[in-house]
Amino acid sequence: MKQLLLTVLLSYAGIALQAQDHLPQTYSIAVGGGVTLPLVEGNRNEFFNKNGDRAGYDLMLEGRYYLTPYFALGAQYDYLRIADLPDKVHVHYVRPAATLRYLWSDGDKGAFFGFGIGYMNYQERTYRRGDRYGYLFQKGYFGLSFSMGYEFRITGKVSGIFRGDILMADWVNNPDARLYNPDGYDDGVNHNWFKSNITFFNLGFAIQFGR
């Protein structure tokens, strides 16, 4: 009887351990960071007009709850810092997000695409010659985000993520988006389109925990 119970327990433990040998499919928390590449134009700020589109760094925290192994709902927070001292920019961006994922290699590897809608808090402080306290500009924006990446299992409940994110805010209508050919032809169609005046491209790596 003892041998039977031991066999059952060992078999159950083996199944449980084997069930963990894949990327998270119930919930996950990811922590990471990387580089942020800005593309900012037409904004009322001074930093990028003065210093150009300088690279900075990004720190991110993401949580997901998987409704299926291939679809998750969650939230993500990014902190961005860009500086040309003493001038500096801080960005806080939080949003709920939906994630679609494709798995292969028995669930050990995956690729995902995510979409989020949230709030971006933009802050910058710039200094002029002889200025002691600088000029503070701070504003909140409605933002959109797109993300994509590659996930791979490291060991047990730990996995890694190579990811890229696009954060966009300050949407405006571009009245000059008409189609003109070099010969001066105008097709007569209004091709106005919406564009983002504040865009950040984040490239980085994250460690993911979950089951």
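Numbering of residues starts from 1 in every chain and runs along the sequence as written. Local features in a predicted model are, by the rule used here, given only for residues with pLDDT of at least 70; side-chain atom pairs are given and counted only at 80 or more, and totals for whole chains, interfaces and linings are based on all residues. Neither water nor hydrogens contribute to the side-chain values; these are computed over all heavy atoms in the structure.

1. Structural notes on the overall build of the protein chain
Each helix corresponds to a stretch of at least 4 residues labelled H or I by DSSP, and each strand to a stretch of at least 2 residues labelled E; elements are numbered beginning at the N terminus. The secondary structure content of the protein chain amounts to two helices and eight strands. Counting from the amino terminus, the protein chain carries its helices and strands in the arrangement α-β-α-β-β-β-β-β-β-β. For every residue, the accessible area (1.4 Å probe, protein chains only) is compared with the maximum for its type, and the residue is labelled buried under 20%, exposed over 50%, or partly exposed between those bounds. Burial analysis of the protein chain (211 residues in total) assigns 36% to the buried set. Partitioning the contacts of the protein chain with sequence separation of at least 6, the portion at a separation of at least 24 is 63%. To be clear on the numbers: accessible area is Shrake-Rupley with a 1.4 Å probe, and residue cover counts the displayed protein chains and nothing else. If you sum the accessible surface of the protein chain, you get close to 12,200 Å²; carbon and sulfur atoms cover 62% of it. In what follows, residue pairs with any heavy atoms lying within 4.5 Å of each other are defined as contacts.

2. Digging into a nonpolar patch on the surface
For patch building, the residue pool is restricted to those with more than 30% relative accessible area and no salt bridge; the joining distance is 9 Å between like charges and 5 Å between nonpolar side chains (Val, Leu, Ile, Met, Phe, Trp, Tyr). Salt bridges, as used here, are contacts in which a Lys or Arg side-chain nitrogen is within 4 Å of a carboxyl oxygen on Asp or Glu. Among the surface-exposed residues, F113, F115, I117, F142, M148, W171 and F194 lie close enough to one another that they form a single nonpolar patch of about 710 Å² accessible area. When residues of the nonpolar patch are traced back to their parent elements, those giving at least two are β5 (109–126) and β6 (135–155). In terms of residue count, β5 provides more of the nonpolar patch than any other element does, three residues in total. Residue position: I117 is located in strand β5. Taking relative accessible area as the criterion, I117 reaches 40% and is therefore assigned partly exposed.

3. A word on the pairing of β5
Examined bridge by bridge, strand β4 (residues 87–104) and β5 share 15 bridges and lie antiparallel to one another. In the strand pairing of β5, A97 is matched with G116. Should DSSP find at least two bridges between two strands, the strands are regarded as paired. Hairpin connection between β4 and β5: a loop of four residues separates the two successive antiparallel strands, and S105 in this loop has a positive phi of roughly 55°. As defined by bridge partners, β5 adjoins β6 across 18 bridges and the pair is classed as antiparallel. Each bridged residue has a counterpart across the sheet, and for F115 the counterpart in β6 is F146.

4. Some points on the environment of Y27
Within the secondary structure, Y27 sits in strand β1 (residues 27–40). A relative accessible area of 38% places Y27 in the partly exposed class. Distance in space between the C-alpha atoms of Y27 and G74 is 9.3 Å, their sequence separation being 47 residues. In this structure Y27 touches R64, Y65, Y66, F209, G210 and R211, once residues within four positions along its chain are discounted.

5. A few points about the pattern of salt bridges
Per the counting criterion, the structure on display carries ten salt bridges. D87 is paired through a salt bridge with K50; the nearest N and O atoms lie 2.9 Å apart. Taken together, the residues span a long stretch of sequence, with D87 in strand β4 and K50 in helix α2 (residues 47–51) at a distance of 37 residues. With relative accessibility at 2%, the residue D87 sits in the buried group. The exposure class assigned to K50 is partly exposed, which follows from its relative accessible area of 46%. The closest approach of N and O atoms between D78 and R95, which form a salt bridge, is 2.7 Å. Here D78 is found in strand β3 (residues 71–84), whereas its partner R95 is found in strand β4, with 17 residues between them in sequence. Connected through salt bridges with shared partners, the residues E62, R64, R101, E151, R163 and D165 form a single ionic network.

6. A short note on the confidence of the model for the protein chain
Segments scoring low in pLDDT should not have their predicted coordinates read at a detailed level. For every residue, the predictor reports its confidence as pLDDT, a number between 0 and 100. Mean pLDDT over the protein chain: 83, with 79% of residues reaching 70 or higher. Averaged pLDDT values for the elements of the protein chain fall to 43 in helix α1 (residues 2–19) and rise to 96 in strand β2 (residues 56–68).

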